[in-house]
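# Analysis of the macromolecular model
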Amino acid sequence: MRLKTIYIFLAFQIIANKALSQKENTLHYKHIVHLEAAGIGGYGSLNFERIIKLNELFSLSARIGFSTNRIYDYNNKFNPDLLFPIAINGFFGKVHKVQLGLGQLVAFSIKANILNGPPARETNFHTNFTLGYRYQKQDSRIISGISYTPILEYNSSIRHWGAFTIGYLF
Amino acid sequence: MKNIFFLLAVVMILFSCRKKEFEINNLNGNKITVLGHGGMGIGSIYPMNSLESILNCLNLGADGTEIDVQMTKDGVLIAYHDETFDESTNLSGKAHTKTWDEIKGTRYTSPIYSNYEVISLDDLFQNISNPDEYIYFFDIKLYDANQNADFFNKFNSALIEIIDKYNLLESVYVEFRNESSIIALQEIRPDIRQFIFNEFEYGLSLAEQYNISGITISLNELSKERVELLHSRGIMIATFNTHSNKRNIEAIEYNVDFIQTDRLKHLIKILKPK
């Protein structure tokens, strides 16, 4: 148990030292457009993120995206599910960033109304969390990342989920 | 030279677009009934046997659908495929150990962020306009329910109630897996048509012994000889496991009577062109 604690402490020290010792300055842009495979949007989403730089190492971001599960409803009419992932993220690091996030997905999805049949749109909320890693090469506008994104579906049951992200800074 | 290549390309495109025509020879009026597999089948965005999946299947123009049927502890028939709810919903346990009140509102876990629910057969048929215009294969899944005489009485009463309530006598084929189930229903309602869903040899012997309408058999177990043998003895064939366009065509070429497909749009396109 003691040995495990020491290992965790050492690992944390190495990661923290590496992040703090990043001497190169990465360019700071205020916005990102990114595509996320899986992640808090479900099976994939297109997102916009506004970045607020707090200091050399810390930044925050607000994110909103769009996703869908299907375009046509079961009557074969154009009637897509509309899924909007919203989140606030915190980043620590310069080139290699540790990401922590919290958000909600607002789902306006179509299902059959059991009482009278026709498609009905219903609104549901799903809480999501993000623990991830982002990489932004010095002087580059491209970011990429990988994250663990557990989702509290219907705010009642947990789904273990993950994401790959690639984005463009501007 | 260039023109010849162009001409050849045009001819090739025209030939590739030509629709294949099938000459069907079976016991179903020389036509194949197009059925969805639990609605839109495996691989659809809709969970199998959900209301959305079945309505989508019928709205696309299928002749009907296969539906997996199980009974709850309090005698309600539900449309559900798996042995336990843990496999594909947010509930745990088995259907026959829970009451309908405990199951009602159970959500399928896939696709993510959807809210498709497990439904009862009563809810399902209430939502199909003119339900007697379609064909349904009830794949009866008893799993390890206590299959004594009381159980069969209860199950058959629930089944008959649904069939009579929605006037489905001419629309339904009930698929059982074993002899005792077949006998139990035949004794009280010989007019309800049955299929046996089991291995070929066993299915054939039961179909002949109890004068059953047909056999449901996986495409993997079919051959031309088997189809001809069954047809020569007046036994119809329903097949499943057609999860690709190629396998749909393979099933058609066997001249089966019913196909429960996972590639519904393709089968409708080739068998029921507008």
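Residues numbered from 1 in each chain as written. Chains lettered and ligands numbered in written order. Predicted model: local features only at pLDDT ≥ 70, side-chain atom pairs only at ≥ 80, totals over all residues. Heavy atoms only, no water.

## A word on the interface of chain B and chain A
Taken together, the contact pairs 21 residues of chain B with 32 residues of chain A. For the pairing of chain B and chain A, the buried interface totals around 2100 Å² over both sides, and the portion due to carbon and sulfur atoms is 50%. On the chain B side of the interface with chain A, the three residues burying the most area are B:Ile112, B:Tyr113 and B:Asn115, jointly 38% of the side's total. Linking chain B with chain A are 1 salt bridge. When the shortest N-O distance is used, the salt bridge between B:Glu117 and A:Lys111 registers 2.9 Å. Considering each element in turn, the side of chain B that touches chain A owes the most residues, 5 residues, to helix H2 (residues 51-59) of chain B. Taken together, the residues that form the side of chain B that touches chain A break down as 10 nonpolar, 7 polar and 4 charged. (Contact = heavy atoms within 4.5 Å. Buried area = accessible area lost by both parts, 1.4 Å probe. Salt bridge = Lys/Arg side-chain N within 4 Å of Asp/Glu carboxyl O. Helix = DSSP H or I, 4+ residues; strand = E, 2+ residues; numbered from the N terminus. Nonpolar A, V, L, I, M, F, W, Y, C, P; charged D, E, K, R; others polar.)

## Observations concerning the nonpolar core
Residues and elements named next belong to chain B. The biggest cluster of nonpolar side chains holds 78 residues, and the ones touching the most others in it are Ile 67, Leu 121, Phe 125, Phe 138 and Phe 155. Ranked by residues supplied to this core, first place goes to helix H5 (residues 149-165) with 8 residues. Leave out the neighbours within four places in its chain, and Phe 138 touches Ile 67, Val 69, Leu 121, Phe 125, Leu 159, Ile 163, Val 172, Tyr 173, Val 174 and Glu 175. Leu 35, Tyr 173, Phe 195 and Phe 258 belong to the second-largest nonpolar core, a separate cluster that totals 8 residues. (Core = buried A, V, L, I, M, F, W, Y, C linked by side-chain atoms within 4.5 Å. Buried < 20%, exposed > 50% of the residue type's maximum accessible area, 1.4 Å probe, protein only.)

## Some points on the pattern of salt bridges
Residue and element names in this part refer to chain B. Applying the stated criterion to the full structure yields 15 salt bridges over all chains. Residues Lys 165 and Asp 122 are paired through a salt bridge, measuring 2.9 Å at the closest nitrogen-oxygen approach. Pair noted here: Lys 165 is in helix H5 and Asp 122 is in helix H4 (residues 121-126), with a separation of 43 residues, a long-range link. Through salt bridges with shared partners, one network takes in Asp 68, Asp 139, Lys 141 and Arg 177.

## Some thoughts on the environment of B:Phe22
Residue and element names in this part refer to chain B. Here Phe 22 is to be found in the loop between helix H1 (2-17) and strand E1 (33-37). For the pair Phe 22 and Ile 252, spaced 230 residues apart in sequence, the C-alpha separation works out to 7.7 Å. If sequence neighbours within four positions are ignored, Phe 22 has contacts with Ile 249, Ile 252, Glu 253, Ile 270 and Leu 271.

## A few points about the packing of aromatic side chains
Aromatic ring pairs are reported here in terms of the distance separating the ring centres and the angle at which the planes meet. Counted by the stated rule, this structure contains 22 aromatic pairs over all chains. Their ring planes at 65 degrees and their centres at 6.1 Å tell us that A:Tyr43 and A:Trp161 sit as a pair that is edge-to-face. With A:Tyr43 in the loop between strand E1 (31-38) and strand E2 (44-53) and A:Trp161 in the loop between strand E9 (157-159) and strand E10 (162-169), this residue pair connects regions lying 118 residues apart in the sequence. Ring geometry for B:Tyr80 against B:Phe85: centres 4.8 Å apart, planes inclined by 35 degrees, an arrangement best described as tilted. Overall, the relative accessible area of 1% leaves B:Tyr80 in the buried class. Aromatic rings pair up to connect B:Phe125, B:Tyr136, B:Phe138 and B:Tyr166 into one cluster. For the cation-ring pair, A:Arg159 lies above A:Trp161, with the distance from its terminal atom to the ring centre recorded as 5.5 Å. One residue, B:Arg226, lies across the ring of B:Phe200, its end atom 4.2 Å from the ring centre. (Phe/Tyr/Trp six-rings, centres within 6.5 Å; stacked < 30°, edge-to-face > 60°. Lys NZ or Arg CZ within 6 Å of the ring centre and 35° of its normal.)

## A few points about the side chain of B:Lys98
By the element assignment, B:Lys98 lies in the loop between strand E3 (77-79) and helix H3 (100-103). Dropping the residues within four chain positions of it, B:Lys98 is found in contact with B:Thr72, B:Lys73, B:Asp74, B:Phe85, B:Leu91, B:Ser92, B:Gly93 and B:Ile103.

## What to know about the packing of helix H9 (residues 245-253) of chain B against helix H10 (residues 264-271) of chain B
Residue and element names in this part refer to chain B. In the contact formed by H9 and H10, the axes pass within 9 Å of each other and the chain directions differ by 45 degrees. For the element pair H9 / H10, the angle class is oblique. As for the relative orientation of H9 and H10, their crossing is right-handed in sense. Seen from H9, the contacting residues are Asn 245, Asn 248, Ile 249 and Ile 252; seen from H10, they are His 266, Leu 267, Ile 270 and Leu 271. Tallied by class, residues from the contact of H9 with H10 come to 5 nonpolar, 3 polar and no charged. (Axes fitted to C-alpha atoms, helices over the stretch in contact; angles between N-to-C directions. Parallel < 35°, antiparallel > 145°, perpendicular 65-115°, else oblique. Left-handed = near helix turned anticlockwise from the far one by under 90°.)

## A short note on H2(B)
For an α-helix, the turn length of 3.6 residues means that residues three or four places apart are oriented alike. In terms of residue burial, H2(B) counts as a mostly covered element, since 8 of its 9 residues are buried. Inspection of H2(B) places B:Leu51, B:Glu52, B:Ser53, B:Ile54, B:Leu55, B:Asn56, B:Cys57 and B:Leu58 among the buried residues, and these make up the whole buried set. Residues of H2(B) that are buried in the fold lie against strand E5 (96-112) of chain A together with E1, strand E2 (64-71), strand E4 (119-120), H4 and H10 of chain B. Phi for B:Gly61, located one or two positions after H2(B), is positive at around 110 degrees.

## Looking at H10(B)
Listed as buried for H10(B) are B:Leu264, B:His266, B:Leu267 and B:Ile268. On its buried face, H10(B) is in contact with E1, H2, H9 and strand E10 (258-261) of chain B.

## Some words on the packing of H5(B) against helix H6 (residues 179-188) of chain B
All names here are of chain B. Direction vectors running N to C along H5 and H6 enclose 55 degrees, while the axes themselves pass 10 Å from each other. In terms of axis orientation, H5 runs oblique to H6. In the packing of H5 onto H6, the handedness of the crossing is right-handed. Contacts between H5 and H6 involve Phe 152, Asn 156, Leu 159 and Ile 160 from the former and Ser 180, Ser 181, Ala 184, Leu 185 and Ile 188 from the latter. Taken together, the residues of the contact of H5 with H6 sort by class into 6 nonpolar, 3 polar and no charged.

## Concerning the confidence of the model for chain B
For residues with low pLDDT, the predicted coordinates do not support detailed interpretation. In the predicted model, chain B carries a mean pLDDT of 93, and the fraction of residues at 70 or more is 93%. At the level of chain-chain contacts, confidence expressed as ipTM amounts to 0.82, with global pTM at 0.87. (pLDDT = per-residue confidence, 0-100.)

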